Amino acid sequence: MNPLPARLARLLATLAAGAAIGAWGALAAKVDNPVFHVVNLVFSGGWSWACFAFLVGCSCQSKVKAAWLSSSALAIGVVVYYLCKALSPVAPIGMDGAPEPNLGGASTGILVWGAAAFVFGAPVGLIGNLARIPGIAGLSFRLLIPLIAFYETSLRLDGEAATAGRVPEVTWSTIRVLAVLAAVALVGHTLWGWRTRRDRPKVGVEAD
């Protein structure tokens, strides 16, 4: 059986996922609903995009594939994000009617952040691939996303929470708590696995 169609399907699915995340993150800002507001806050943060590139890299067997696929998928997601924001802009407070699409205004964001996503997506994807290393050796790589999420939300809470409103403050606080819990769970799981593997030969020796 030729594995090429399956590999191509996975490749297209990953790139489509990047585009879907970009569209979903941008269009969530247009819906006047607390749930969509939270979604928009999540996708306006850098940690969520880093998490996507990390997961793409983690799903790849090859380090080279992890690097270029994460880079490409992340760049596509960012480009789609800014295109959707430009094609379906949110009306400013107090303005009646939807504003006209402004692709020219989005070009800077597409070029700057699209290029940044392409450049930084590769190392993040590579780290995601290295996170597959079992045990303590891969723990530092697995802790990257919780660390980024904790650091970024802490900065936002210190600098923007007072003026951002209740929903952003609760969202960032929740993400920060979840980041800490995720880090603790990862450390605990790794140490438990390490201890189990260390004690396994002893059990065999005692049984003899």
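Above this text sits the structure in question.
Residues numbered from 1 in each chain as written. Predicted model: local features only at pLDDT ≥ 70, side-chain atom pairs only at ≥ 80, totals over all residues. Heavy atoms only, no water.

## Comments concerning the overall build of the protein
Here comes step 1: Helices and strands together make up the secondary structure of the protein, namely nine helices and zero strands.
Here comes step 2: Along the protein, from the amino end to the carboxyl end, the secondary structure elements read α-α-α-α-α-α-α-α-α.
Here comes step 3: For the protein, long-range pairs separated by at least 24 residues make up 70% of all intrachain contacts whose partners lie at least 6 apart in sequence.
Here comes step 4: Element-wise, carbon and sulfur atoms account for 71% of the exposed surface of the protein, whose accessible area totals about 12500 Å². (Helix = DSSP H or I, 4+ residues; strand = E, 2+ residues; numbered from the N terminus. Contact = heavy atoms within 4.5 Å. Areas by Shrake-Rupley, 256 points an atom, 1.4 Å probe, with all protein chains shown as cover.)

## A few points about the packing of helix 3 (residues 46-58) against helix 4 (residues 63-87)
Relative orientation and spacing of two packed helices are given, respectively, by the angle between their axes and the distance between those axes.
Here comes step 1: For the pair helix 3 and helix 4, interaxial distance at closest approach is 8 Å and the crossing angle is 145 degrees. For the pair helix 3 and helix 4, the crossing hand works out as right-handed. Packed against helix 3, whose contacting residues are W49, F52, A53, V56 and G57, the element helix 4 presents A66, L69, S70, A73, L74, G77, V78 and Y81 at the interface.
Here comes step 2: Residue composition of the contact of helix 3 with helix 4, grouped by class: 10 nonpolar, three polar and no charged. (Axes fitted to C-alpha atoms, helices over the stretch in contact; angles between N-to-C directions. Left-handed = near helix turned anticlockwise from the far one by under 90°. Nonpolar A, V, L, I, M, F, W, Y, C, P; charged D, E, K, R; others polar.)

## Some words on the pattern of salt bridges
Here comes step 1: Here the structure, examined in full by the defined rule, presents two salt bridges.
Here comes step 2: With a shortest N-O distance of 3.5 Å, E152 and R156 are connected by a salt bridge. In this pair, E152 and R156 both sit in helix 7 (residues 144-159), four residues apart, roughly one turn of the helix.
Here comes step 3: As a salt-bridge pair, E160 and R156 come within 3.5 Å of each other at their nearest N and O atoms.
Here comes step 4: Residue E160 is classed as partly exposed on the basis of its relative accessible area of 34%.
Here comes step 5: When salt bridges that share partners are traced, they join E152, R156 and E160 into one network. (Salt bridge = Lys/Arg side-chain N within 4 Å of Asp/Glu carboxyl O. Buried < 20%, exposed > 50% of the residue type's maximum accessible area, 1.4 Å probe, protein only.)

## Quick notes on the side chain of E152
Here comes step 1: Its relative accessible area of 16% is what places E152 among the buried residues.
Here comes step 2: Contact partners of E152, with chain neighbours within four places excluded, come to G45, G46 and W47.

Geometric values such as these leave the question of function open.
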